[in-house]
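Observations on the model geometry
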Amino acid sequence: MVAYMCNDKQTFCMGLGTFGPILRLSFTLEVERIATHQMTTSIGSRTMPTIEHKLNITEEEVPEHIRRLAEEQGECPSSKDQIIEQFRSYILERNDCQPHRNDAKYLEKFLRARYWKIESSYRLLCSYYKFREHNKSFYEKVRPLDLRHIGQSDILTVTPYRDQHGHRILIYRFGLWRPNRVTVDDIFRATIVLQELGSLEPISQIVGGVGIFDLKDLGLEHILHLSPSVAQKMIALLVTSMPIRTSALHIVNQNWVFNAAFKIFKPFLNAAMREKLYIHGSDMSSLHKHINPEHLPKRYGGLHEDYSYTLWLDMLKEQCTGNGVQKDMEQLGFIFD
C-alpha cells in the first residue's frame, strides 16, 4: 500500500475500494457545456437544454469537487511531478513495453486510472500496448470519420452530458445490430475511438465512465457473432486494457437470449468486475438507483433525447481538425483526411 501526504491529510491508494467516495457524491457538473437556447420539447414541467458535443480536455475544466476526489484517490499536487518521474523511470527499467509517448500528460492518465499506484499503472500500460499489438486493425489506418454507419444504425453512442457522479455514459443497443451490415470489428473500432477520446479528458480520467448494455430484441443472430474471442476483447476494452476506468456496467431489457450471451462473457469476469455489473431487466427504477433520471435518455425513464454517435464524429471534424486532439489520435494510427 502506498501513502502520500496531501493538504495535511494522509491519502491512501487502496485500489477499487476508493470508488466509495464517488458513490457518495451527489453533484451536478458545471462542465456539461449546455447551450443557452432551449429545446422546444418539454418533459412535463421540465424543458431540457440542448447539449453541445465537446471534449473537456483541459485541467482548468476540472471542477473543485472533482479535484478533491482526485486527491482522495491519491493524486497530490505537491508530489504529482515526482510520481510521474518515478513512473517514467519504472517503465524504462523494466522495458516490458515501449509506449509511443512518455511525456507527463500521457503517463498521468494511466496513473489516474489506477489511483496513482505505479505497479498497477505499469500493468495497465503493458496491457494497453499488448491489446494494441494484437489488434492493430482497430487502430492502424482506421478513419474515424468513415464510421458514420455505426451512428446511423444507433448501435452505440456516448452521452454528451455527464451523470451525477461526473461519468459519461457509453450506451450499446445490441438489438439494433445487423451483423450483415455492421461487422463486429467496426463496433470495436467505434468503441475504441470513443474510449481514446474519453481518455483525453481529465475529468473522465479521474471519475471513469459507465456503460449501459441495452439488450432489447437481442436474438440468436447476434449470439452467433459473440465468440469467446469477441467477449475477451470487449472486456479488455471496457475493464482491463484502456487508460480510463469503467465504474459500472448496467444490463437493461435483457431477454432469455442474455443467459446464453452471459455464459460467453462470464469466464472473463473476475470478482472485481462482477461487483461492477448490475442487471436491471425492464425495471428502470432499479437503474435510477445508480444514475439519476435527469442524466438518462427518455427510453430509460430519463429526460434526454437520444444523441447519435455521428454527432461525436461531427465534433471531431468541426472542432478537432488540426489541433492537439487530432495529433494525439493520429499518433495512435488513426487517419484524418
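All values derive from a computational prediction rather than experimental measurement. In every chain, residue numbers begin from 1 and rise along the written sequence. This being a predicted model, a pLDDT of at least 70 is required before a residue's local features are given, and a value of 80 or more before pairs of side-chain atoms are given or counted; all residues contribute to the totals for chains, interfaces and linings. Here the side-chain values reflect all heavy atoms present in the structure, with hydrogen atoms and water set aside.

Bringing the packing of aromatic side chains into the picture now. Aromatic ring pairs are defined here through the distance separating the ring centres and the angle between the ring planes. Two rings from Phe, Tyr or Trp (for Trp, the six-membered ring) form a pair when their centres are within 6.5 Å of each other. A pair whose planes differ by under 30 degrees is stacked, one over 60 is edge-to-face, and the rest are tilted. Taken as a whole and judged by the stated rule, the model has 12 aromatic pairs. Arranged with centres 5.4 Å apart and planes meeting at 65°, the rings of Y106 and F110 form a pair that is edge-to-face. Placement of both Y106 and F110 in helix α4 (residues 104-113) is noted, with a separation of 4 residues, approximately one turn of the helix. The classification of residues rests on relative accessible area computed with a 1.4 Å probe and restricted to protein chains. Under 20% of the type maximum is buried, over 50% is exposed, and intermediate values are partly exposed. A relative accessible area of 3% places Y106 in the buried class. Measuring from centroid to centroid gives 5.1 Å for Y172 and F174, while their planes differ by 5°, and the two rings are stacked. Just as Y172 is buried, F174 falls in that class too. A network of ring pairs unites the aromatic residues Y106, F110, Y128 and Y129 as a single cluster. In this scheme, Lys NZ or Arg CZ marks a charge over a ring once it lies within 6 Å of the ring centre and within 35 degrees of the ring normal. For the cation-ring pair, R94 lies above Y90, with the distance from its terminal atom to the ring centre recorded as 3.5 Å. Numbering of helices and strands runs from the N terminus; a helix is a DSSP stretch of H or I covering at least four residues, while a strand is a stretch of E covering at least two.

So, about helix α11 (residues 257-265). Along α11, the residues classified as buried are V257, F258, A261, I264 and F265. Projected down its long axis, α11 shows its buried positions confined to an angular sector of 115°, all on one face. Directions from the helix axis toward the C-beta atoms define the arc.

Whether parallel or antiparallel, the strands of a sheet pair through hydrogen bonds between backbone atoms. Read from one edge to the other, the open sheet built from 5 strands follows the order β5-β6-β7-β8-β9, with strand pairing classed as mixed. Of all the strands in the sheet, the pair left with one neighbour each is β5 (156-158) and β9 (277-281). Neighbour-to-neighbour, the strand axes of this sheet turn through a mean angle of 15°, independent of strand direction. As paired elements, strand β7 (residues 209-214) and strand β8 (residues 246-252) share 6 bridges and run parallel to each other. Bridging across to β8, G209 finds its partner in T246. Any two strands between which DSSP finds at least two bridges are classified as paired. Angular values range over 0 to 180 degrees, each being the angle between N-to-C directions of two axes fitted as lines to C-alpha atoms, with helices fitted over their stretch in contact.

The term disulfide is used for any two cysteine sulfur atoms that are within 2.5 Å. This structure, assessed with the given rule, holds 0 disulfides. Just so you know, C97 is unpaired, no disulfide at all, and the nearest cysteine sulfur is the one on C126, 3.3 Å from it. A relative accessible area of 8% places C97 in the buried class.

Moving on, we come to the pattern of salt bridges. Salt bridge, as used here: a side-chain nitrogen of Lys or Arg that lies within 4 Å of a carboxyl oxygen of Asp or Glu. Inspection of every chain in the model, using the stated rule, returns 17 salt bridges. Between E93 and R94 there is a salt bridge, with its nearest N and O atoms 3.2 Å apart. Residue classification places E93 among the exposed residues on the basis of a relative accessible area of 60%. E201 is the partner of R168 in a salt bridge, and the nearest nitrogen-oxygen pair spans 2.7 Å. Placement of R168 in the loop between β5 and β6 (169-173) and of E201 in the loop between α7 (184-198) and α8 (202-207) is noted, with a sequence separation of 33 residues between them. You'll find R168 and E201 in the same group, each marked buried.

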